[in-house]
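Coordinate analysis (summary)
Single-letter residue listing:
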Amino acid sequence: MLLKHRIAQLVAQGVEEAQRSGVLPQFSVPEIEIERPQLLEHGDFATSLPLRLARAARMSPMAIAEGLAPRIAIEEPIERVEVASPGFINFAISQDWLRQQVESVLEQGEAYGSVDLGEGQRIQIEFVSVNPTGPLHVGHARGAVLGSGLASILAVAGYDVSREYYINDTGTQMDAFARTIYAHYLQAHGRDAEVPPDGYMGSYMVDLAGEVVEREKDRFLTMPVDEAVSALREIGLKKMLGSIREDLERIRVEFDVWFSEQSLYDSGDYEAAMDILRGSGYLAEREGATWFTSTALGEDKDNVVVRSTGAPTYFASDIAYHYNKLLKRGYDRVVNIWGADHQGHVSRMNAVVGALGADADRLTIIISQMVALKRGEETVRISKRTGDLITLRELVDEVGSDACRFFFLSRTAGSQMDFDLELAKKESDDNPVYYIQYAYARIAGIMRLAQERGLDYAQGDVSLLTHEAEVALIRNMLLLPEIIEGIALSLEPHHLPRYTVELATAFHWFYQQCRVVSNEPGDEAITQARLKLTEACRTVLARCLSLMGMSAPERM
RNA sequence: GCGCUUGUAGCUCAGUGGAUAGAGCGCAGGGUUGCGGACCCUGAGGUCGCGGGUUCGAGUCCCGCCAAGCGUACCA
């Protein structure tokens, strides 16, 4: 159990005791929150409970704090419980205990930082899921990094995580895609053909069609049009998916499941989902189409699920898909990461979950806001249809995978980003990515030196680590489990990059203040202790970098 | 028009209803006869978009206004 939770328990017991003995009156106790104070002089942990209780208890916050603090049981590693104006209770942790935790970090090794919040719950995280009709661009990169980072962190927070990509391999846009390839194909064979008005204009389509022409020769010329388009759809889909997968690998994003939209219709999931909605009265026939009556669930308007042509809409597929996720495959929780252009879709999707009879809080939809690309002052438009775009591939080639991941992971999903390509390149020599990685490389350098000199620090005595900078570094290292738990609860991975910068800062300061491998005679003991601390710090930094999908360079 | 999101230092962004609002970059200065100077320290820089409200306490919650992005399809 995390220390902050243990302290919350002790405070709760203290309140109970105070009420029993009449020091505090009877009232219902709210959830006890334990915070990390900003200033060191306020201790390692703090609670503002007395301030919150003042009204219910009809006492001054200070009087509550004074009455409560002595009734909070002190146990290892809590050293002091102090009351501070205007009504805080601060907790100080024993420094001896902090120092001993260096051993604990080393023992846990690569597992350090893991917590058991999820208790093995099955959680699915679906992200990217870009239509396989064109290459990934910068906005997709943000969602990809966000999803993969979140998935990694949930996995070490005790969840059974499955990463999924939903392939829109059917529907009108896929048709337009196939007919576009067909048009290029005909043109390449000297036939009179034009790209349909709803077709895809990017130059990548020309390249793709060119590959098809080369590989397939003229065998589609004699085929009936429908048959040829259908075959080209399959070929084009496979090629696009392959290219998308390659792009994702460049920023270290991988999936456990690639899920086909078409399979929802082949497996009967679509019918099953519609039967449930029909059975509970959420489907209505009107104007020749079938509607999901979302107004009955508080939505602004109803939505078409089956067009008057008989073809199901994208929304219908999504209903079936969520039936499959929640009811058929039965994930305990489902997280969708969608781009801001799908934001109008969120509330009706939530309504669907209720209409299917599932608990509403099993589905969480995270909207990742737009990335506005700029080159200096000029805004670069992102449009798949005109072919004028900055692809993920170009971005990674220009800025690098590590910087790309760190940059996207550092910002909250909800904030719109300005991504200035010139600035990103200009700052690449002096940015947090290098700051963190340099800390790691420094550590690696120290450990190399230690090894060259044959220094064995296994017997190092961590109780010698009394320097201010040493204790500060240890305090920072010990925050990781709380950070991971916090991210798993809030689903906001941006706290990890921020934390990692703080950890690197603490290390750089320690390095500045404390010579690790000393040449002075008589310093053997402190050298061994500091090597131990350095190695423990390497463990924590490596864990952070690995969770963020970034490399940990031994040299730079 | 309506809906969702956003507005914090010159720039890019953090900030659980709590203690003196933070970081990086940029700017101005300073530092280590030694483990890698891609580092460290100090400083300047803020009406937290504007106006009300709730609260012991608001950058954070509520209402109104202003500005920006996105959505508002029998597209996805």
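Okay, so let's go over this structure. (Residues numbered from 1 in each chain as written. Chains lettered and ligands numbered in written order. Predicted model: local features only at pLDDT ≥ 70, side-chain atom pairs only at ≥ 80, totals over all residues. Heavy atoms only, no water.)

Quick notes on the environment of D418
If you trace the backbone, D418 turns up in strand β14 (residues 417-420). The exposure class of D418 is exposed, given its relative accessible area of 53%. Ignoring anything within four residues of it in the chain, the contact list for D418 reads A372, K374 and F407. (Helix = DSSP H or I, 4+ residues; strand = E, 2+ residues; numbered from the N terminus. Buried < 20%, exposed > 50% of the residue type's maximum accessible area, 1.4 Å probe, protein only. Contact = heavy atoms within 4.5 Å.)

Looking at the packing of aromatic side chains
Counted according to the given criterion, the structure contains 15 aromatic pairs. Judged by centre distance (5.8 Å) and plane angle (55°), the rings of F507 and F510 are tilted. Placement of both F507 and F510 in helix α19 (residues 495-513) is noted, with a separation of three residues, approximately one turn of the helix. F510 matches F507 in its accessibility class, with the two residues each being buried. (Phe/Tyr/Trp six-rings, centres within 6.5 Å; stacked < 30°, edge-to-face > 60°.)

Comments concerning the sheet that holds strand β6 (residues 257-260)
Whether parallel or antiparallel, the strands of a sheet pair through hydrogen bonds between backbone atoms. With respect to topology, five strands assemble into an open sheet ordered β6-β5-β4-β10-β11, the strand pairing being parallel. In this open sheet, the two strands that pair with only one neighbour each are β6 and β11 (363-368). Across this sheet, the average inter-strand angle for adjacent strands is 25°, counted without regard to direction. Note: strand β4 (residues 122-126) against strand β5 (residues 160-167), five bridges, orientation parallel. (Pairing = 2+ DSSP bridges. Axes fitted to C-alpha atoms, helices over the stretch in contact; angles between N-to-C directions.)

Here's the deal with helix α20 (residues 524-547)
A rise of 1.5 Å per residue sets the reference length of α20, with its 24 residues, at 34 Å; its end C-alpha atoms lie 35 Å apart and thus fit the reference within 8%. The buried count for α20 comes to 19 of 24 residues, which makes it a mostly enclosed element. One or two steps after α20, the chain reaches G549, where phi turns positive at roughly 75°. (Expected span 1.5 Å × (residues − 1).)

Considering the protein's contact with RNA strand B
As a structural note, the neighbourhood of RNA strand B is formed by 59 residues, with R55, F88, R307, Y435 and R498 the closest of them. Atoms of RNA strand B within 4 Å of the protein: sugar and phosphate make up 61%, bases the balance. Here a phosphate oxygen of RNA strand B and a side-chain polar atom of S415 are 3.3 Å apart. Between RNA strand B and M556, the relevant distance is 3.2 Å, taken from a base oxygen to a main-chain nitrogen or oxygen of the residue. If you list the elements that add at least two residues to the surface near RNA strand B, you get α2 (49-57), β3 (88-93), α6 (172-188), β14, α16 (432-452) and α19. Tallying contributions element by element places α19 first for the surface near RNA strand B, with six residues. Along the lines of polarity and charge, the residues of the surface near RNA strand B split into 22 nonpolar, 22 polar and 15 charged. (Near = heavy atom within 4 Å. Polar contact = N/O pair within 3.5 Å; in protein donor to acceptor, adjacent residues only side chain to side chain. Nonpolar A, V, L, I, M, F, W, Y, C, P; charged D, E, K, R; others polar.)

A few points about the pattern of salt bridges
If you walk through the whole model with that rule in mind, you get 25 salt bridges. When the shortest N-O distance is used, the salt bridge between R80 and E79 registers 3.7 Å. What you see here is one network of salt bridges that share partners, running through E79, R80 and E82. (Salt bridge = Lys/Arg side-chain N within 4 Å of Asp/Glu carboxyl O.)

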